[in-house]
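Single-letter residue listing:
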Amino acid sequence: MESTDARTAPAVIVAIDGPSGTGKSSTSKAVAAQLGLSYLDTGAQYRAITWWMVNNGIDVADPSSVADAAGKPDIVSGTDPSAPGITVDGTDVAGPIRTQEVTSKVSAVSAVPEVRARITELQRSIASAAGQGIVVEGRDIGTTVLPDADLKIFLTASPEARAARRSGELKGADVAATREALIKRDTADSTRKTSPLAKAADAVEVDTSDLTLQQVIECVVTLVEEKRAAK
Ligand SMILES: Nc1ncnc2c1ncn2[C@@H]1O[C@H](COP(=O)(O)OP(=O)(O)O)[C@@H](O)[C@H]1O
Ligand SMILES: Nc1ccn([C@@H]2O[C@H](COP(=O)(O)OP(=O)(O)O)[C@@H](O)[C@H]2O)c(=O)n1
């Protein structure tokens, strides 16, 4: 299908949610780039606030300490899908937010309601400022952050497929250990009280276990084109 001209197409808001390793980031970036939309990685924002907590000696196991500090860091997210970038108090943290330490602590920080309120507000203001529209990826975008999104996608994949993808990225990390860590984080994210990882009732579920990344991208691009055509 011919892509609609990004300059004349109506703005479209796309929410892509799902657990770790289902392909949210790769798919969202590619779809946004292909359709001339902005892109927001909300997981990077939760990682950035976690990085700040760790760097500032906040005990992330103590929700009240995390809540008290939640308003302090200034997080700025880039929205260009080819070079998103993220800074905290002016420092580029794109690399440091991907460490094992941040990954193991992010679920505890992101479960704190004050953290979610702060980051959700930031996400809504970024989405409303995106002129051509935006692809926003995360865990609660379709359910809580942007419940009126034009299109909601919920990506899934088997734990085996997700662990194999992630351990490939981590240069051959043990697949079994990666699988256990993923399942632990999914469980924490799905069972927290505030805005858990969940599929919105009106989301389209796509199981990516046996699809190539290119197939997933094509599927989502087609769904966005259909929504745009109907606007
Ligand atoms: N359908 C797919 N098939 C194979 N590998 C994939 C697929 N989708 C994503 N990947 C790879 O899996 C890894 C995790 O994808 P990513 O987009 O970061 O997932 P998420 O954002 O959901 O955690 C990346 O290395 C990516 O290239
Ligand atoms: N909308 C979101 C996005 C991420 N998160 C939290 O941020 C963590 C990191 O998200 P991520 O998208 O970078 O995770 P990966 O895809 O790298 O596994 C998740 O495990 C959640 O704890 C969240 O709570 N809500």
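Residues numbered from 1 in each chain as written. Chains lettered and ligands numbered in written order. Predicted model: local features only at pLDDT ≥ 70, side-chain atom pairs only at ≥ 80, totals over all residues.

Here we come to the overall build of the protein. The number of helices and strands found in the protein is nine helices and eight strands. Taking the principal axes of the C-alpha coordinates as reference, the protein spans close to 50 × 40 × 30 Å. Taking all 231 residues of the protein together, the buried fraction comes to 40%. Considering only intrachain contacts with a sequence separation of at least 6, the fraction spanning at least 24 residues in the protein is 75%. (Helix = DSSP H or I, 4+ residues; strand = E, 2+ residues; numbered from the N terminus. Buried ≥ 20, exposed ≤ 12 C-beta atoms within 10 Å, placed from the backbone. Contact = placed C-beta atoms within 7 Å.)

What follows concerns the site of ligand 1. Residues in contact with ligand 1 amount to 15 residues; listed here are only the nearest, Gly23, Lys24, Ser25, Ser26 and Arg165. Of all the secondary-structure elements, those providing two or more residues to the shell around ligand 1 are α1 (24–35), α7 (159–169) and α9 (213–230). Counting residues per element, the shell around ligand 1 draws most heavily on α1, at three residues. Residues of the shell around ligand 1, tallied by class, amount to three nonpolar, nine polar and three charged. (Near = placed C-beta within 6 Å. Nonpolar A, V, L, I, M, F, W, Y, C, P; charged D, E, K, R; others polar.)

Time to look at the sheet that holds strand β8 (residues 204–207). Spatially, five strands are ordered β2-β6-β1-β7-β8 in an open sheet, and the strand pairing comes out parallel. The open sheet has two free edges, formed respectively by β2 (38–41) and β8, since each of these has just one partner strand. The average angle at which neighbouring strand axes cross in this sheet is 20 degrees, direction not considered. In terms of strand pairing, strand β1 (residues 12–17) meets strand β7 (residues 151–156) through four bridges, oriented parallel. Bridging from a neighbouring strand, Val14 pairs with Leu151 of β7. (Pairing = 2+ DSSP bridges. Axes fitted to C-alpha atoms, helices over the stretch in contact; angles between N-to-C directions.)

When the terminal C-alpha atoms of α9 are compared, their 26 Å separation across 18 residues agrees well with the 26 Å that a helix rising 1.5 Å per residue should span. Of all the positions in α9, only Val216, Ile217, Val220 and Val224 are classed as buried. An end-on view of α9 places all buried positions within 100 degrees of arc, on one side of the element. Opposite the buried face of α9, at more than 90 degrees from it, the exposed residues are Gln214, Gln215, Thr222, Glu226, Ala229 and Ala230. Its buried side turned inward, α9 meets β1, α1, β7 and β8. (Expected span 1.5 Å × (residues − 1). Arc of directions from axis to C-beta.)

With numbering matched to this structure, UniProt assigns "binding site: ATP" (unreviewed entry) to Gly18, Pro19, Ser20, Gly21, Thr22, Gly23, Lys24, Ser25 and Ser26. Position of Gly18 relative to the elements: it lies in the loop between β1 and α1. The contacts of Gly18, once residues within four sequence positions are left out, are Lys24, Phe154, Leu155 and Thr156. Its location among the elements puts Gly21 in the loop between β1 and α1. Judged by local crowding, Gly21 falls into the buried class, with 25 C-beta atoms found within 10 Å. With residues up to four places along the chain from it excluded, the contact list for Gly21 reads Ala157, Arg162, Arg165, Arg166 and Leu182. (UniProt positions renumbered as here; feature names shortened; annotations may be inferred.)

Near ligand 2 there are 15 residues, and of these Ser20, Gly43, Tyr46, Ser110 and Gly138 occur at the shortest range. For the shell around ligand 2, the secondary structure elements donating two or more residues are α2 (42–55), α4 (100–110) and α8 (175–191). Of all the elements, α2 adds the most residues to the shell around ligand 2, at five residues. Looking at the shell around ligand 2 residue by residue, the classes come out as four nonpolar, six polar and five charged.

For the rest of this paragraph, the subject is unusual backbone geometry. A positive phi angle is found at Asp89, which is not glycine, with a value near 50 degrees. The topology assignment puts Asp89 in the loop between β4 (86–88) and β5 (91–92). For Ser195, which is not a glycine, the phi torsion comes out positive at approximately 50 degrees. Tracing the backbone shows Ser195 in the loop between α8 and β8. Overall, the presence of 20 C-beta atoms within 10 Å leaves Ser195 in the buried class.

A separate point is the environment of Asp150. By the element assignment, Asp150 lies in the loop between α6 (141–145) and β7. Looking at Asp150, the number of C-beta atoms within 10 Å reads 18, which means it is partly exposed. If we ignore the near neighbours within four places in the chain, the residues touching Asp150 are Val12, Ile13, Val14 and Lys227.

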